[in-house]
Amino acid sequence: MNVIEIKNLTKYYGKARGIIDINFDVEEGEIFGFIGPNGAGKSTTIRTLLGLIYPTRGSAEIFGKDCIKYGPEIKKEIGYLPSEIFYYSKMKVIDLLKYSASFYKKDCGKKIHELAEIMDLDIHKRIDDLSLGNKKKVGIVQGLLHEPKLIILDEPTSGLDPLMQQKFFDLLKAENEKGATILFSSHILSEVQKLCNRVAIIKEGRIVKVEKISTLKENNYKKFKIETMLKIDKDYFNMKGVSDLEVKNNMVSFLFRGNINSIMKKISGIEIVNLWAEEPNLEEIFMHYYEKEA
Amino acid sequence: MNVFIKEIKANRRSLVIWCIGIVLMIASGMGKYAGLSTSGQSLDDLLDQMPKSLQAIMGIGTFDLSTASGYYGVLFIYLVVMATIHAAMLGANIISKEERDKTAEFLFVKPISRNKVITSKLLASLLNIIIINLITLFSSVIMVQRYSNGENIMDDMIILMVGMFILQLIFLFIGTAIAAISKNSKTAASLSTGILLITFILSIAIDMNSRIENLKYLTPFKYYDAKNLMFGGGLDTDYVILSVILIAVLLSATYVFYKKRDLKI
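Rules used in this analysis
- Residues numbered from 1 in each chain as written.
- Chains lettered and ligands numbered in written order.
- Predicted model: local features only at pLDDT ≥ 70, side-chain atom pairs only at ≥ 80, totals over all residues.
- Helix = DSSP H or I, 4+ residues; strand = E, 2+ residues; numbered from the N terminus.
- Buried ≥ 20, exposed ≤ 12 C-beta atoms within 10 Å, placed from the backbone.
- Contact = placed C-beta atoms within 7 Å.
- Pairing = 2+ DSSP bridges.
- Axes fitted to C-alpha atoms, helices over the stretch in contact; angles between N-to-C directions.
- Nonpolar A, V, L, I, M, F, W, Y, C, P; charged D, E, K, R; others polar.
- Parallel < 35°, antiparallel > 145°, perpendicular 65-115°, else oblique.
- Left-handed = near helix turned anticlockwise from the far one by under 90°.
- Domains from an automatic or database assignment.
- Expected span 1.5 Å × (residues − 1).

1. Quick look at the overall build of chain A
Point 1. Helix and strand counts for chain A come out as 10 helices and 14 strands.
Point 2. Counting over 294 residues, chain A shows a buried share of 38%.
Point 3. Considering only intrachain contacts with a sequence separation of at least 6, the fraction spanning at least 24 residues in chain A is 71%.

2. What about the pairing of strand β1 (residues 2-13) of chain A?
Residues and elements named next belong to chain A.
Point 1. With eight bridges joining them, β1 and strand β2 (residues 16-27) adopt antiparallel strand pairing. Pairing of Tyr13 across the sheet is with Ala16, part of β2.
Point 2. With antiparallel pairing between neighbouring strands as the criterion, β1 and β2 make up a hairpin whose turn holds two residues, including Gly14 at a positive phi of roughly 65°.
Point 3. In terms of strand pairing, β1 meets strand β4 (residues 57-62) through five bridges, oriented antiparallel. Following the sheet pairing, Glu5 is matched in β4 by Glu61.

3. Focus: the sheet that holds strand β13 (residues 251-256) of chain A
Residues and elements named next belong to chain A.
Point 1. Read across the open sheet, the four strands follow the order β12-β13-β11-β14; overall the sheet is antiparallel. Two strands lie at the open edges of the sheet, namely β12 (242-248) and β14 (272-278), each paired on one side alone. Neighbour-to-neighbour, the strand axes of this sheet turn through a mean angle of 10°, independent of strand direction.
Point 2. The sheet contact formed by β12 and β13 spans five bridges and is antiparallel. Pairing of Glu246 across the sheet is with Ser253, part of β13.

4. A closer look at the interface of chain B and chain A
Point 1. At the interface, 17 residues of chain B touch 19 residues of chain A.
Point 2. Put simply, the parts of the chain that give the side of chain B that touches chain A at least two residues each are α1 (2-37) and α5 (104-107) of chain B.
Point 3. With three residues, the top contributor of residues to the side of chain B that touches chain A is α5 of chain B.
Point 4. Its residues assigned to classes, the side of chain B that touches chain A comprises eight nonpolar, three polar and six charged.

5. Details of the packing of helix α4 (residues 68-100) of chain B against helix α8 (residues 188-208) of chain B
Residues and elements named next belong to chain B.
Point 1. Interaxial distance between α4 and α8 falls to 8 Å at its minimum, and their mutual angle equals 155°. Taken together, the axes of α4 and α8 lie roughly antiparallel to each other. Note on packing geometry: the crossing formed by α4 with α8 is right-handed. Residue-level inspection shows Val81, Thr84, Ile85, Ala88, Met89, Gly91, Ala92, Asn93 and Ser96 of α4 in contact with α8, the latter providing Ala188, Ala189, Ser192, Thr193, Leu196 and Phe200.
Point 2. Looking at side-chain class alone, the contact of α4 with α8 contains nine nonpolar, six polar and no charged residues.

6. A word on the sheet that holds β2 of chain A
The pairing of strands in a sheet comes from backbone hydrogen bonds and takes either a parallel or an antiparallel form.
All names here are of chain A.
Point 1. Sheet architecture is open: four strands sit in the order β2-β1-β4-β5, paired in antiparallel fashion. Of all strands in the sheet, those bounded by a partner on one side alone are β2 and β5 (65-66).
Point 2. Strands in contact with helix α1 (residues 42-49) are β1, β2 and β4; relative to β1, the strand with the most contacts, it is inclined by about 115°.

7. Points about the environment of Pro51 of chain B
Point 1. Residue position: Pro51 of chain B is located in the loop between α2 (42-48) and α3 (52-58).
Point 2. Residues Pro51 of chain B and Met208 of chain B, 157 residues apart in the sequence, show an inter-C-alpha distance of 9.9 Å.

8. Focus: the environment of Leu49 of chain A
Residue and element names in this part refer to chain A.
Point 1. Among the structural elements, Leu49 can be located in helix α1.
Point 2. The class of Leu49 is buried, set by 27 C-beta atoms lying within 10 Å.
Point 3. In this structure, the C-alpha to C-alpha distance between Leu49 and Ile68, residues 19 residues apart in sequence, is 7.7 Å.
Point 4. When near neighbours in sequence (up to four residues on either side) are disregarded, Leu49 contacts Ile4, Ala60, Ile62, Cys67 and Ile152.

9. Topic: the domain arrangement of chain A
Point 1. Domain boundaries in chain A define domain 1 (2-88 + 145-217) and domain 2 (222-278).
Point 2. For domain 1 of chain A and domain 2 of chain A, the distance between their C-alpha centroids amounts to 38 Å.

10. Some remarks on helix α6 (residues 114-147) of chain B
Point 1. Spanning 34 residues, α6 of chain B covers 50 Å between terminal C-alpha atoms, matching the ideal 50 Å at 1.5 Å per step.
Point 2. Positioned one or two residues after α6 of chain B, Asn149 of chain B has a phi angle of 50°, which is positive.

Here you go:
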């Protein structure tokens, strides 16, 4: 069963592009990644799902119900963590959490304390007095306190230290094992890789690719940058598995996919000054997908 | 119910400050009367010599300043301005603050419809303006009675407060409607008070210049003019009907536009 079904979802802000013909499904029980650079339309998609803004065209269903028409009903089972946390600043943390809980017709007291303990959060402080990271923790507790069936996270890790990030991921995995479906938006590939089963890649408002993480990992691209002693023939590295080849004076850069030994042999054939081999960043992966689509 | 209680708590402090302001206004205003009334008739003579336009600006008009109720009639217009500014700002802010403070992303992902949120907020605002109105009524009655020498003021007071309440409602809903319609959540409050000031100045201009009297329908302040309400004048049916229509239009605009709105975060 699909928890989220998005069909041709399109949103324009006036004439400005928000998202265009977004299509993807999130299955029950999976952790679904949603990655793309800033401004690609991740938050727009999520805010449309949550009924904060209205689509220009297309529709989305959550739990099999239209997300605009049945908004209040389906939100009973949604937990949401926004990318930037803003709360009623004069409230104490515990009052905010109780206020949040008061919208759900169940007793959340135990869960609040349990989550606050895991996230090491002082619930008697005022919201104003909290650091960015601690506000994020309030957001996490607030998003999970009613044990939602669908958890939507919009760039949730910013502001959390690595230790807290790990605790948070463990928490998400535990909720997932209990049956919660998770939509996880991020611009950091590594954290998506760590957590998700499948990902949708969004760029400039359009979905470029929906792929299993395991498949993405097989497509193991490496980014090479080589500084050579002498100018080399610009087609020297033009071989199978090399893409985005660029030669500028003594600098060569390209993406490589395939048997790493073959490229190493090729490199050893020339005199080099320096070598960088790294994981390509997200933008480069996008570029790659873009070229393949075109 | 939770949103209602939240809003009551959030507006508690500002409500207390406004109430203190109004009580001080009445106390100091009527205190001045105590000083003036001892000099008796000479005050009216003095004011009669003032140009009509100056009288209009000060809101004196046809009031007999030697009586406590006449004096209060002048003071009343300033109380109305205070109460309506409070109402307009309250209305604009209570709706727009969720977007201004970016808490919309908290509130509107909860299982509650926008209509229910608006209803709770409007009920909370209603309670606030009722409290302002009652505080004004009680402190006015107490203060005026001290100087009225047995003059019966209760009927006039109640009529005045009914007029003020309708004005409060009109400006509350002007505030909420503007907040629901306007694209920028930060400008809603200033836009509402701007409209208030323009209509108020218009009402004074009409007092100064009888040739533009037909414009009186454009400014709610003219609907409930103290000198028409007091001394047995009572409420004018036309104006009351006009007010009810205005309130109904503004109220439905608030709901309709807020429901369709793309929340800016």
